[in-house]
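Fold and geometry: a report
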Amino acid sequence: MAGNSGPDLGSLLGGLLGGGQGGSAGGGGNILAQLLQAFMSGGSGGNNPLSGLLEGLNKAGLTEQTGSWVGTGENQPVTGAQVQEALPTDTLHEVAEKHGITEEQAANEIAAQLPQVVDKLTPSGQLPTSLDELMKQQNL
């Protein structure tokens, strides 16, 4: 199933962002799906790439922001520069290259969409334990 997670992640995130999977550089769902897939294939977070991503952001000092996204209160923003600093360089480079944009543009797009997506993926204030649970919560 892990090999098929790319389209599922794209559909999931595109749906959460209100636009499906669109192939443009501005397709936040596609960029986030690619990012989560990179975390999944890299082994971070086990079967939950969202967990691996948030763990990396927390280690970079963004615990307050990520906690606000998972929690039920107001989402705190994050900047592209913070995302760029927090993510592994090779991961961000891979995501940017696949979308034909710069790493800075990719980080800015991720920063713009990530709080909203994490908030929607954690409606009860709890992080899902697996990718399967993420899909079930969103009725996919």
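Owing to the predicted nature of the structure, the values given are computational and were not obtained by experimental measurement. (Residues numbered from 1 in each chain as written. Predicted model: local features only at pLDDT ≥ 70, side-chain atom pairs only at ≥ 80, totals over all residues. Heavy atoms only, no water.)

Next up on the list: the overall build of the protein chain. Each helix and strand in the protein chain was counted, giving eight helices and zero strands. In sequence order, the secondary structure elements of the protein chain are arranged as α-α-α-α-α-α-α-α. A total of 140 residues make up the protein chain; the buried ones form 44% of that total. Across the protein chain, contacts joining residues at least 24 apart in sequence account for 61% of those joining residues at least 6 apart. Of the roughly 6,600 Å² of accessible surface on the protein chain, a fraction of 46% belongs to carbon and sulfur atoms. (Helix = DSSP H or I, 4+ residues; strand = E, 2+ residues; numbered from the N terminus. Buried < 20%, exposed > 50% of the residue type's maximum accessible area, 1.4 Å probe, protein only. Contact = heavy atoms within 4.5 Å. Areas by Shrake-Rupley, 256 points an atom, 1.4 Å probe, with all protein chains shown as cover.)

In this fold, Trp 69 is placed in helix H4 (residues 63-70). Taking the C-alpha atoms as reference points, Trp 69 and Leu 114, separated by 45 residues in sequence, lie 8.6 Å from one another. Apart from the residues within four sequence positions on either side, Trp 69 is in contact with Leu 54, Leu 57, Asn 75, Gln 76, Val 78, Leu 114, Pro 115, Val 118, Asp 119 and Thr 122.

What follows is about helix H6 (residues 89-99). The complete set of buried residues in H6 reads Thr 91, Leu 92, Val 95, Ala 96 and His 99. All buried residues of H6 fall inside an arc of 125° around its axis, so they share one side. Exposed residues on H6 whose side chains face more than 90 degrees from its buried face are Thr 89, Asp 90, Glu 97 and Lys 98. Just downstream of H6 lies Gly 100, where phi reads positive at about 65°. (Arc of directions from axis to C-beta.)

What follows covers the environment of Leu 114. With respect to the secondary-structure elements, Leu 114 resides in helix H7 (residues 103-121). In this structure the C-alpha to C-alpha distance between Leu 114 and Thr 66, which are 48 residues apart in sequence, comes to 9.3 Å. In contact with Leu 114, not counting residues within four places along its chain, are Leu 32, Leu 53, Leu 57 and Trp 69.

Attention now goes to H4. When H4 is considered as a whole, its buried residues turn out to be Gln 65, Thr 66, Ser 68, Trp 69 and Val 70. Contacts from the buried residues of H4 go to helix H3 (49-59), helix H5 (80-86) and H7.

As a note on interpretation, predicted positions should not be read in detail where pLDDT is low. Chain-level statistics for the protein chain give a pLDDT mean of 79 and a share of 70% at 70 or above. Here residues 1-7 is modelled with pLDDT under 50, and outside its nearest four sequence neighbours on either side it reaches seven contacts, counting other chains as well. This model gives residues 20-26 a pLDDT under 50, and the stretch forms twelve contacts once residues within four places in sequence are excluded. (pLDDT = per-residue confidence, 0-100.)

This structure, assessed with the given rule, holds one salt bridge. Here Lys 59 makes a salt bridge to Glu 55, at a shortest N to O gap of 3.4 Å. On the criterion of helical spacing, the pair formed by Lys 59 and Glu 55 is a turn pair, its members being four residues apart in helix H3. (Salt bridge = Lys/Arg side-chain N within 4 Å of Asp/Glu carboxyl O.)

Here we come to the packing of H3 against H4. To describe two helices that pack against each other, one gives the angle between their axes and the distance between the axes. Remark: H3 packs on H4, axes separated minimally by 7 Å, with the N-to-C direction vectors making an angle of 145°. Along its contact with H3, which presents Leu 54, Leu 57 and Asn 58, the element H4 presents Thr 63, Thr 66, Trp 69 and Val 70. Its residues placed into classes, the contact of H3 with H4 shows four nonpolar, three polar and no charged. (Axes fitted to C-alpha atoms, helices over the stretch in contact; angles between N-to-C directions. Nonpolar A, V, L, I, M, F, W, Y, C, P; charged D, E, K, R; others polar.)

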